[in-house]
Amino acid sequence: MQFVTRQYQILFPRLPYAIRLLLNLAMLPVVLFWALPRLLFRMSRATSADEAKIPEVTDLAPGQFHMDVVPLSEVSAKPATMVELAALVEADDWDSFLARTREIDSEGGRAEGAPLTYAALRAARPRQIAFLAMHPDCSAIPGRDLPLDDIERLEHVFVHRHRDPQLAALLAKAHLELAWARRGGDYADAVTEDGWRGFQMHLARANEIVSSFDARSEKSPMLAEITFNIALASEWDAAAQEAAFKNCLMLNPRCWQAMSQRAFHLLPRWGGDYEQLERAARQAMSDTHQYGAAAYAAFYLRVLDCDEGAMFSCDPELFAEGLYDMAAAEDGDPVLVNQLIQHSIEIVTPSFALFGGAGEEEINARRAKFDTSSDAVFAAFFCCHVPEAWQGEADEITRLVRMMYANDLEAGRKVHLTQARGIEISEMTA
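Residues numbered from 1 in each chain as written. Predicted model: local features only at pLDDT ≥ 70, side-chain atom pairs only at ≥ 80, totals over all residues. Heavy atoms only, no water.

The first and last C-alpha atoms of helix α8 (residues 149-160) sit 18 Å apart over 12 residues, in line with the 16 Å expected at 1.5 Å per residue. Along α8, the positions that sit buried rather than exposed are D150, I151, L154, E155, V157 and F158. Relative to the axis of α8, the buried residues are bounded by an arc of 165° and lie together on one face. Set apart from the buried face of α8 by more than 90 degrees, the exposed residues are H156, V159 and H160. Lining the buried residues of α8 we find α5 (94-107), α7 (126-133), α9 (165-183) and α10 (193-210). (Helix = DSSP H or I, 4+ residues; strand = E, 2+ residues; numbered from the N terminus. Expected span 1.5 Å × (residues − 1). Buried < 20%, exposed > 50% of the residue type's maximum accessible area, 1.4 Å probe, protein only. Arc of directions from axis to C-beta. Contact = heavy atoms within 4.5 Å.)

Next up on the list: the state of the cysteines. All told, the structure shown has 0 disulfides when counted by the stated rule. In this structure C248 is a free cysteine whose sulfur lies 5.3 Å from that of C255, the closest cysteine sulfur available. (Disulfide = S-S within 2.5 Å.)

On to the packing of helix α4 (residues 77-90) against α5. At a minimum axis distance of 8 Å, the contact between α4 and α5 shows a crossing angle of 150°. Considered as vectors, α4 and α5 are oriented roughly antiparallel to each other. α5 is crossed by α4, and the crossing has left-handed handedness. Between α4 and α5, the residues in contact are T81, E84, L85, L88 and V89 and W94, S96, F97, R100, T101 and I104, respectively. Grouping the amino acids of the contact of α4 with α5 by side-chain chemistry returns 6 nonpolar, 3 polar and 2 charged. (Axes fitted to C-alpha atoms, helices over the stretch in contact; angles between N-to-C directions. Parallel < 35°, antiparallel > 145°, perpendicular 65-115°, else oblique. Left-handed = near helix turned anticlockwise from the far one by under 90°. Nonpolar A, V, L, I, M, F, W, Y, C, P; charged D, E, K, R; others polar.)

As a further point, take the pattern of salt bridges. In total, this model carries 25 salt bridges according to the counting rule given. We note a salt bridge from R367 to D305, for which the minimum N-O separation is 3.5 Å. Of the two residues, R367 sits in helix α20 (residues 360-368) while D305 sits in helix α17 (residues 303-306), which places them 62 residues apart along the sequence. Residue classification places R367 among the buried residues on the basis of a relative accessible area of 2%. According to the relative accessible area criterion, D305 is partly exposed, its value standing at 35%. Measuring nitrogen to oxygen at the nearest pair gives 3.3 Å for the salt bridge that ties E308 to R367. You can see E308 sitting in the loop between α17 and α18 (316-329) and its partner R367 sitting in helix α20, a full 59 residues away along the chain. (Salt bridge = Lys/Arg side-chain N within 4 Å of Asp/Glu carboxyl O.)

Time to look at the confidence of the model for the chain. Summarising the model, the chain shows a mean pLDDT of 87, and 85% of its residues fall at 70 or more. Low confidence marks residues 38-46, where pLDDT is under 50. Its contacts with residues over four positions away, or in another chain, come to 13 contacts. (pLDDT = per-residue confidence, 0-100.)

Glancing now at the sheet that holds strand β4 (residues 384-385). Read from one edge to the other, the open sheet built from 4 strands follows the order β4-β1-β5-β6, with strand pairing classed as mixed. Of all strands in the sheet, those with a lone pairing partner are β4 and β6 (422-427), marking the two edges. The pairing of strand β5 (residues 413-418) with β6 spans 6 bridges and is classified as antiparallel. The partner of R413 across the bridge, within β6, is E427. In the packing of helix α22 (residues 394-404) onto the sheet, the strands contacted are β1 (65-69), β4 and β5, and the crossing angle to β1 comes to about 135°. (Pairing = 2+ DSSP bridges.)

What follows is the structure in C-alpha cells.
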C-alpha cells in the first residue's frame, strides 16, 4: 500500500493540469460523502474511548492544585547564551566569540537536553537562521534567493583562523544547512537539477572543511556531531559513518540528537531495516551504559512517530525506562522533561488515514502499548509547565496534569508543582 501511495505521489504532480483537475473532481463526492464522514466517526470514537479512561478532576478545594507556568527564558541557559554570543558576533569580536564557544564545547555545557554549543551555531549566522525559519524544513530554495552574507563572513573569518575546530564546525554546519535548503526534502527523483547542483556544491565545501580536522584529537563534541551529520548527508560508506558516530559517543555520551539522526538513517526509506535499527539502539545503550537505557529512547524517540513500522521493533517497556534515564541524565531539565512528555503524546495519539485500512487498527493498537511511556518521567521530574515545549493550549496541559494526579486529588491531597521546590504531594490541612 505504501508503494502504491508513493508512486501516486510521484506521478500525480507530473500530470497535465486538466487531468489533475478531472481526477480531483471525480474523487470529491467519494471524499465528501464517504471517506470524510467515516474518518470523523473513527476519530470521534477513539477520542471518546481515551477520555473515558481517566476522567478529569474538577472539584478541587482552594489551593489544592498548583502548577508553575514558566517561560523558556527562565529555565534554559540557551537564550541567554545566544544573546551573549550574538552580541560578540555583532561587534565583530570573533576572538572572544570563539574563545567562549571553545569553553562551552570543552566544558560540555548543556540546555534542554542538548549541547549549549547549539546557541553558538545559531548566533554565528542570524540572517541565515531567520531566512530558513521562514520556510518549511528542507524547502527547495533557488540559489539566487538564499542570503549569503553570514556564510561569506564566516568564510572570511575562517581564512585567518583556519585551524580553529569550533569555527570549522560552524562554517561546515552553515554549508550543510544551505545544501539541504537547495536540495529540498523530497525523494531523490523529485529533486531538480538546480537543486542537486546547489546541494552538491555546499556539501562538497562542508566535507572539505571537516576533512582537515580530527574531532577526537581536537576533543570537540561539536565538531564530532557536525562531521557525523555531514557523513550522513554525503552518504559516506557504512564504516566511515559508524566511525563518525563512535566519535560522537566517545566525546559526548549524551549526544541524543546524533543518536536520533543515526536512527532516522537506518529506516527502510534510506535502505536500512528495523532489525538494524534495533541492534544499533541496543549497542548505543551498551556503549553509554552509565546513562542506563537513555540511548535506546534517544534512538527511537523521533522515528516512532514518523515511521509507524518502527513501533513494532521498539520495546515499549525499555523505551519508557530510557525516557526516564534520559531525563535523569539531564538532571530533570524542565524543558527536556516537557518535550519528552509532548513527544510521548504524539507517539500514542491514534493515526487515521482518509480511506482507512492499511493496518490502521493494528498500528493504533501498537501505539497504545506506549501509553504509559512518560508516566515515570511525569511522576519524578515534571515540576512546571514550559509552554514553548508543547503544541497544545495551556488549559489542555493543565487538564492532562490533573488527570495524572487524579488519585491523589480525589483522595483530598494537595498537589503543588513548582520550579523552586519540585513536586509536592501532601495531605490537606483544615
